[in-house]
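# Secondary and tertiary structure notes
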Amino acid sequence: MRSVTRCVQRAFKFRFYPTPEQADLLNRTFGCVRKVYNLALEARTTAWHQRQERVNYNATSAMLTGWKKTEELAFLNEVSCVPLQQALRHLQGAFTAFFDKRAGYPRFKSKHKSRASAEFTQSAFRWTDGRLTLAKMTEPLKIIWSRPLPDGQAPSTVTVSRDAAGRWWVSLLCQDTITPLPATGHAMGIDAGLHHLVTLSSGEKATNPRHECADRDRLARAQRELARKDKGSANRAKARLKVARIHARIADRRRDTLHKLSTRLVRENQTLVIEDLSVRNMVKNRSLARAISDAGWRELRNMLEYKADWYGRELVVVDRWFPSSKTCSACGAVAKRMPLNVRLWTCPCGAVHDRDVNAARNILAAGLAVTACGAGVRPQRDSSRTGRSAVKQEHPRATKGIPAPRDGEDANVRSRSFQCRVFAKSHATLGHRYANAPPDPLPCFS
Ligand SMILES: [Zn+2]
């Protein structure tokens, strides 16, 4: 199952520099896309509130034809009709997500706050010899090919966007073949933290890039300048662009760091164990720094999820049902209290722990206990804070879980699942040893 190469849909994003005419046409297209989306949303909302009618995609598509014929919306005819149709499809998707209770009610798009973008399907662009020409344009886009597209592949969908910093992007959706990486025996626990972006169970710490501090000062200065400018003035627009550029710089660097980190982790390890941070946020949600690190953490987790899936690795997500910071990773004893300012502590058993490394080791141990016996591990505790399983797994193989031992079942399986329960219990009750889990010795526990 793992060593087979497979095809995935993959978006390749490039920067491009439009000519003034192209920029003008695209800016108008963005405006029309937003207008159509908002009109259709309004039509669907009023139809429901006034007449309890459900308006579907086909009905909004018919409305669009009508709008184009009116005098005040005649400008919709000046741009390609495909992005407008796609906007209606996106709205349909937003409503489907709402009805499935995956998202809130769709909201109106704003000129200043929403992402300016337009989606072109195959009928609305021409792809010849690696040159991309959009509908209603005469020359191809001047794209900076920062990386090659997969061999012989033509894009099936093209999305053009302009970010807050005024940069233009084109995203090309292509078929790509992914070859899983050769298997390794390494496993790694990853702890997200305040002081470091992540701490690994091997003892390594990944800091946020240091130059972010300098950018923080620049950002503060630019924001102060922006606040002093008169509303609606040209200088205010310039100052806003400056702030947006600094934000973009910080975000770009963070994404770059996260990509490098996640690729390295996936390449070097077969099993990666991370914490479900949303649970952790519920536990102590009080500092802004946490929220910032959370943003990076969520992004890193998404990257780890898809890269682990692509390259045949296993990602285990552990709920925080045991105190990873307070537990000694050597003997399993749980300290009574562990304030955030304690970076180094000594367990009564003699082990000296770095707070974050110790937590990462505990996360790894919890994850390995799960992979050893399936997702059947449940916290053996009397508190009823959460009613769900202690550990959920992202890997399809592991989500099956292990059913309770039945008559005639292999005794070995039973004993392994027993060990895991003992392990879970030892973490929930104070001062017990690990029993036989985690499997010992481990390469990263030296
Ligand atoms: Zn100890």
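Residues numbered from 1 in each chain as written. Predicted model: local features only at pLDDT ≥ 70, side-chain atom pairs only at ≥ 80, totals over all residues.

### Quick word on the overall build of the chain
Inclusion rule: Each helix corresponds to a stretch of at least 4 residues labelled H or I by DSSP, and each strand to a stretch of at least 2 residues labelled E; elements are numbered beginning at the N terminus. Using C-beta atoms placed from the backbone, we call a residue buried if 20 or more other C-beta atoms fall within 10 Å of its own, exposed if 12 or fewer do, and partly exposed for counts in between.
When its secondary structure is counted, the chain shows 9 helices and 15 strands. Burial analysis of the chain (446 residues in total) assigns 26% to the buried set.

### Here's the deal with the sheet that holds strand β1 (residues 6–16)
The following threshold applies: In this scheme, strands are said to pair when DSSP sees at least two bridges between them. Residue pairs qualify as contacts under a 7 Å threshold applied to their C-beta atoms, which are placed from the backbone. For helices, the axis comes from a line fit to the C-alpha atoms of the stretch in contact; other axes are also lines fit to C-alpha atoms, and the angle between any two N-to-C directions lies between 0 and 180 degrees.
Across the sheet, 5 strands lie side by side as β2-β6-β7-β1-β5; this open sheet has antiparallel pairing. A single partner strand is all that each edge strand has here, and the edge strands are β2 (116–121) and β5 (143–144). Sitting on the sheet, helix α1 (residues 20–51) touches β2 and β6 (157–162), and the angle it makes with β2 is about 90°.

### Considerations on the nonpolar core
In a soluble, globular protein the nonpolar side chains are often hidden away together inside. The following threshold applies: As used here, a nonpolar core is made of buried Ala, Val, Leu, Ile, Met, Phe, Trp, Tyr and Cys residues. They are joined through C-beta atoms within 7 Å.
In terms of nonpolar packing, the biggest core is built from 30 residues, with Ile190, Leu272, Val273, Leu304, Ile363 and Leu364 touching the most fellow members. Mapped by element, the contributors of at least two residues to this core are β8 (187–192), β9 (198–200), α5 (234–268), β11 (271–275), α7 (288–310), β12 (314–318) and α8 (355–373). Ranked by residues supplied to this core, first place goes to α8 with 9 residues. Residues within four places of Val273 in sequence aside, it is in contact with Gly189, Ile190, Val316, Val318, Ile363, Leu364, Ala366 and Gly367. Judged by nonpolar contacts, the second largest core, of 28 residues, contains Val36, Ala87, Leu132 and Leu134.

### Description of the pairing of strand β3 (residues 125–128)
Of the pairings in the sheet, the one linking β3 to strand β4 (residues 131–134) comprises 4 bridges and is antiparallel in character. Note on β4: the bridge partner recorded for Arg126 is Thr133. The turn linking β3 back onto β4 is made up of 2 residues, and Asp129 within it adopts a positive phi angle of 50°.

### Observations concerning α1
Rules: What a helix is expected to span follows from its residue count: subtract one and scale by 1.5 Å.
When the terminal C-alpha atoms of α1 are compared, their 46 Å separation across 32 residues agrees well with the 46 Å that a helix rising 1.5 Å per residue should span. The set of residues buried in α1 consists of Gln22, Leu26, Thr29, Phe30, Cys32, Val33, Val36, Tyr37, Leu39, Ala40, Leu41 and Arg44. On the buried face of α1, the contacting elements are α2 (57–69), α3 (81–99), β2 and β6. Looking at the residues trailing α1, positive phi occurs at Gln52, about 50°.

### Comments concerning α5
Here α5 contains 35 residues, and its C-alpha end-to-end distance of 51 Å stays within 8% of the 51 Å for a straight helix at 1.5 Å per residue. The complete set of buried residues in α5 reads Leu258, Ser262, Leu265 and Val266.

### Details of unusual backbone geometry
A positive phi is found at Asp129, a non-glycine position, where the angle reads about 50°. By the secondary structure assignment, Asp129 is in the loop between β3 and β4. Positive phi, close to 65°, is recorded for Lys136, a residue that is not glycine. For Lys136, the position within the fold is in the loop between β4 and β5. Residue classification places Lys136 among the partly exposed positions, given that 13 C-beta atoms sit within 10 Å.

### Here we look at the pairing of β2
For a regular strand, side chains alternate in direction, first toward one face of the sheet and then toward the other. Along β2, 5 of the 6 residues are buried, which leaves the element largely enclosed by surrounding structure. Of the pairings in the sheet, the one linking β2 to β6 comprises 6 bridges and is antiparallel in character. Following the sheet pairing, Ala116 is matched in β6 by Arg162.

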